[in-house]
Amino acid sequence: MPRAKRASNANLPAWARALRVRRAELGISQEEAAARSEVLNQTTISELENGKYELGNLTAARLAALARGLQWTLAELERAVGVDFGLGAYMESIQTQQMHTEYQQQPVYKLNSLVEKDATPFEYAWLPPGRGDDQAFTRALLIEDTDMERMGRSLHPDDIVFVRTDETAPIPDNLYAIVQESKVMIRRYVETSIGAAFVADSPALSGQLISPSKVTIVGHVYRVFSDFNNYGN
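Residues numbered from 1 in each chain as written. Predicted model: local features only at pLDDT ≥ 70, side-chain atom pairs only at ≥ 80, totals over all residues. Heavy atoms only, no water.

Tracing the backbone shows Ala-177 in strand β5 (residues 175-180). Owing to a relative accessible area of 0%, Ala-177 belongs among the buried residues under this scheme. As a C-alpha pair, Ala-177 and Arg-164 span 13 residues in sequence and 9.4 Å in three-dimensional space. Apart from the residues lying within four places of it in its own chain, the contact partners of Ala-177 are Leu-114, Val-184, Met-185, Ile-186, Thr-216, Ile-217, Val-218 and Gly-219. (Helix = DSSP H or I, 4+ residues; strand = E, 2+ residues; numbered from the N terminus. Buried < 20%, exposed > 50% of the residue type's maximum accessible area, 1.4 Å probe, protein only. Contact = heavy atoms within 4.5 Å.)

Within the fold, Ser-226 resides in the loop between β8 (216-225) and β9 (231-232). For Ser-226, the side chain forms a polar contact with the side chain of Asp-159, separated by 2.8 Å. When residues no more than four places from it in sequence are discounted, the contact partners of Ser-226 are His-156 and Asp-159. (Polar contact = N/O pair within 3.5 Å; in protein donor to acceptor, adjacent residues only side chain to side chain.)

Here the focus is the packing of aromatic side chains. What describes a pair of aromatic rings is the distance from one ring centre to the other and the angle between the planes of the rings. On inspection of all chains with the given rule, the structure shows three aromatic pairs. Aromatic pair Tyr-176 and Phe-198: ring centres 6.3 Å apart, planes at 80°, arrangement edge-to-face. Of this pair, Tyr-176 sits in strand β5 while Phe-198 sits in strand β7 (residues 195-199); the two residues are 22 residues apart in sequence, bridging distant segments of the chain. Both residues of the pair, Tyr-176 and Phe-198, belong to the buried class. Linked through ring pairs, Tyr-176, Tyr-189 and Phe-198 together constitute an aromatic cluster. Here the basic side chain of Arg-139 rests over the ring of Tyr-109, its NZ or CZ set 4.1 Å away from the ring centre. Across the ring face of Phe-162, the terminal group of Arg-223 is positioned such that the distance to the ring centre comes to 3.7 Å. (Phe/Tyr/Trp six-rings, centres within 6.5 Å; stacked < 30°, edge-to-face > 60°. Lys NZ or Arg CZ within 6 Å of the ring centre and 35° of its normal.)

Moving on to the nonpolar core. Core analysis: the largest hydrophobic core is formed by 25 residues, its most contacted members being Leu-19, Leu-55, Leu-63, Leu-66, Leu-77 and Val-81. Mapped onto this core, the elements with two or more residues apiece are α1 (14-26), α2 (30-37), α3 (42-49), α4 (60-69) and α5 (74-81). The element that contributes the greatest number of residues to this core is α4, accounting for five residues. Not counting chain neighbours up to four residues away, the residues in contact with Val-81 comprise Trp-15, Ala-18, Leu-19 and Leu-55. (Core = buried A, V, L, I, M, F, W, Y, C linked by side-chain atoms within 4.5 Å.)

Written as structure tokens, this is what we have:
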């Protein structure tokens, strides 16, 4: 009995050719692509590549599995096959689920909350947990000025710093929340040839050295959450 002919590239839908090309680029078999998808089987991969199964008939979850099997994001899959599956809401729900799994909603305070009695949060934000966090001593604070802004390592307005209020013994080159004349500010502790001091990173404030004897240390900045760069734990 003659075997059924495999569909030629010329007769394939563009999206089916795109799937074939992608798998060839990855150098994997249909079985491997199916295994990587964690949902689809080799038969489904074959039928899709040969245009026997309409790509648009796949559910959002199975499209996500196909993308995973070919090492694409859903958005990359849509671009590659030239089809808009209308998956915006689905992708948003997946991202929200991931955010809720990896992030925690935490209160964010203004700097002066460290010296205010019964301070209330300025806002709530989804923030990643980190080593060193301690519910009893950690406070997330909003940066609103450019005092610590410079090229390279910086604190920018709208950054969020995590401060441990139980860590007040200064260590050189670390950042601390300090109080001077009832104002809370973030400064770097340095040791110079003329003695220790708290300084701002901004070049505009480079001449302002604050003696440790003139301030109260109210917390140690141990990590930063920023749209520019995150450092710390």
